[in-house]
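Okay, here's what each chain looks like letter by letter:
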Amino acid sequence: MGTTTHLRTLENEAIYVMREVAAQFERPVLLFSGGKDSIVMVHLARKAFHPARFPFPLMHIDTGHNFPETLEFRDSLVKDTGARLIVGSVQESINNGRVKDETGPDASRNALQTVTLLDTLSEHRVDCALGGGRRDEEKARAKERFFSHRDAFGQWDPKNQRPELWNLYNGRKSQGEHFRVFPLSNWTEMDVWQYIAKEKIPIPGLYFSHRRPVFRRNGVLLANTHFVEPQNGEKVFEEDVRFRTIGDATCTGAILSKASTMEEIIAEVAAARVTERGNRSDDKRSETAMEDRKRQGYF
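A brief report on the enclosed structure follows. All values derive from a computational prediction rather than experimental measurement.

### Brief notes about the sheet that holds strand E3 (residues 85-89)
Logical step 1: Taken in spatial order, the six strands make up an open sheet running E3-E2-E1-E4-E6-E5, and their pairing is mixed. Two strands lie at the open edges of the sheet, namely E3 and strand E5 (147-150), each paired on one side alone. On average, each strand axis in the sheet is tilted by 30° relative to the strand beside it, whichever way the strands run.
Logical step 2: Bridge analysis of strand E1 (residues 28-31) against strand E4 (residues 128-130) gives three bridges, and the strand direction is parallel. Residue valine 29 lies in a different strand from E4, and its bridge partner there is alanine 129.
Logical step 3: The strands touched by helix H2 (residues 36-49) within the sheet are E1, strand E2 (58-62) and E4, with E1 carrying the most contacts at an inclination of about 135°.
Logical step 4: Packing against the sheet, helix H3 (residues 68-81) makes contact with E2 and E3, and its axis sits at approximately 155° to E3.

### Notes on the pairing of E2
Logical step 1: For E2, the tally of buried residues reaches five of five residues, placing the bulk of the element in the interior.
Logical step 2: Here E2 shows a buried face lined by Leu58, His60 and Asp62 and a second buried face lined by Met59 and Ile61.
Logical step 3: Pairing geometry for E1 and E2, over two bridges, is parallel. In the strand pairing of E2, leucine 30 is matched with leucine 58.
Logical step 4: On the question of chirality, the crossover connecting E1 to the parallel E2 by way of H2 is right-handed.
Logical step 5: Examined bridge by bridge, E2 and E3 share five bridges and lie parallel to one another. Directly across from methionine 59, in E3, lies its bridge partner isoleucine 86.
Logical step 6: Chirality of the crossover, the property in question, places the unit of E2, H3 and E3 among those that are right-handed.

### Structural notes on unusual backbone geometry
Logical step 1: Along the chain, histidine 50 connects to proline 51 via a cis peptide bond; the corresponding omega equals 10°.
Logical step 2: Here proline 51 is to be found in the loop between H2 and E2.
Logical step 3: A positive phi angle, near 55°, is found at tryptophan 166, a position not held by glycine.
Logical step 4: With respect to the element layout, tryptophan 166 can be found in the loop between E5 and strand E6 (178-181).
Logical step 5: Take tryptophan 166: its relative accessible area is 73%, and that puts it in the exposed class.
Logical step 6: At asparagine 167, a position not held by glycine, the phi torsion is positive, near 60°.

### Section: the sheet that holds strand E7 (residues 210-217)
Logical step 1: Spatially, E8-E7-E9-E10 is the arrangement adopted by the four strands of the open sheet, whose pairing is antiparallel. Strands at the two margins of the open sheet, each flanked by one partner only, are strand E8 (220-223) and strand E10 (255-256).
Logical step 2: The sheet contact formed by E7 and E8 spans four bridges and is antiparallel. When the bridges of E8 are listed, arginine 217 appears paired with valine 220.

### A few points about the pairing of strand E9 (residues 237-242)
Logical step 1: The pairing of E7 with E9 spans five bridges and is classified as antiparallel. The residue bridging arginine 211 from the neighbouring strand is aspartate 240, located in E9.
Logical step 2: In this sheet, E10 lies alongside E9 in antiparallel orientation, the contact comprising two bridges. Of the residues in E10, the one forming a bridge with valine 241 is leucine 256.

### Notes on the pattern of salt bridges
Pairing of side chains with opposite charge becomes possible as their charged atoms draw close.
Logical step 1: Scanning the entire structure with this criterion turns up 17 salt bridges.
Logical step 2: Across the pair arginine 244 and glutamate 189 runs a salt bridge, and its minimum N-O distance is 2.7 Å. Residue arginine 244 is located in the loop between E9 and E10, and its partner glutamate 189 is located in helix H6 (residues 189-199); the two are separated by 55 residues in the primary sequence. Pair check on accessibility: arginine 244 and glutamate 189 agree, each one buried.
Logical step 3: Residues lysine 198 and glutamate 199 are paired through a salt bridge, measuring 2.6 Å at the closest nitrogen-oxygen approach.
Logical step 4: Given a relative accessible area of 28%, lysine 198 falls into the partly exposed group.
Logical step 5: Residues joined by salt bridges that share partners form a network here, namely Arg8, Glu11, Lys47, Lys198 and Glu199.

What counts as what
For every chain, the first residue of its written sequence is number 1, and the numbers climb from 1 along that sequence. Under the rules for a predicted model, residues below a pLDDT of 70 receive no local features and side-chain atom pairs below 80 are neither given nor counted, while totals for whole chains, interfaces and linings still include all residues. Hydrogens and water are ignored here; the side-chain numbers use all heavy atoms of the structure. A pair of strands is treated as paired once DSSP finds two or more bridges between them. Secondary structure counts use DSSP, requiring at least four H or I residues in a row for a helix and at least two E residues in a row for a strand, with both numbered from the N terminus. Every angle, taken between N-to-C directions, lies between 0 and 180 degrees, and every axis is a line fitted to C-alpha atoms, over only the stretch in contact when it is a helix. We call two residues in contact when some of their heavy atoms are within 4.5 Å. Only protein chains enter the area calculation, which uses a 1.4 Å probe; residues under 20% of their type maximum are buried, those over 50% are exposed, and those in between are partly exposed. Note on handedness: a clockwise path from strand one over the helix to strand two, with the strands aimed away from the viewer, defines a right-handed crossover. By definition here, a salt bridge exists when the distance from a side-chain nitrogen of Lys or Arg to a carboxyl oxygen of Asp or Glu is within 4 Å.

This is the structure in structure tokens:
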């Protein structure tokens, strides 16, 4: 009963925030990565506006280095919900000279997403982007408000955020500015998994244990794909792995796991001593990697 009440409280809070977005903004979108948090966001949006369709499109920033399972799940969900899908392409940003592709063994397009995201938001005149960020993920995310203001350049200033008292959210902005809104701010990774289990929400198979060729780089297990290949001395081997977070395949690490059911995943998360982003190589580039990217307009 305690867990059910706790999850219902979080659900009600997230739904309230989503309805506030619909009331305060003219052109909101829901940022969709194909990961569990954005999948839960879609589920909550369907509940918030049932029996009507939720009143904003999904926006996916495609790095071109996605796991195939992620794109298949995205397209299936779009078909099921009837939502409009907006796709921003990092490859197009590279082709147009907006960004330069990284080279070398640790090259990743994850940071390049920022320019593509800001260009796509501007192209569609988006005034609010709903995201699935949670405060427990990473120390920079812990500084966010529910309604997180972005200036006319899409930048975030952690020292210049608005107070949020008594569930009052201030969405006022000047021309060219926008907001990022995080309805899952008070959720934890465990809350997300328990909610998925309770609501029986479908998720990509990447989250469950499966046999996969991997190799180890800088302490991170990376899937052996044509996006990222082993260098000299990096041996490919097969293991039972799963992913705790889903992102660009070049920087999203797997974990050794036998968890093939929802109950086993929840038990594994309960025993974990490393955060879900502990296997993201892009977060290891510097002590302030995430905050630096967020200041520039990252998710």
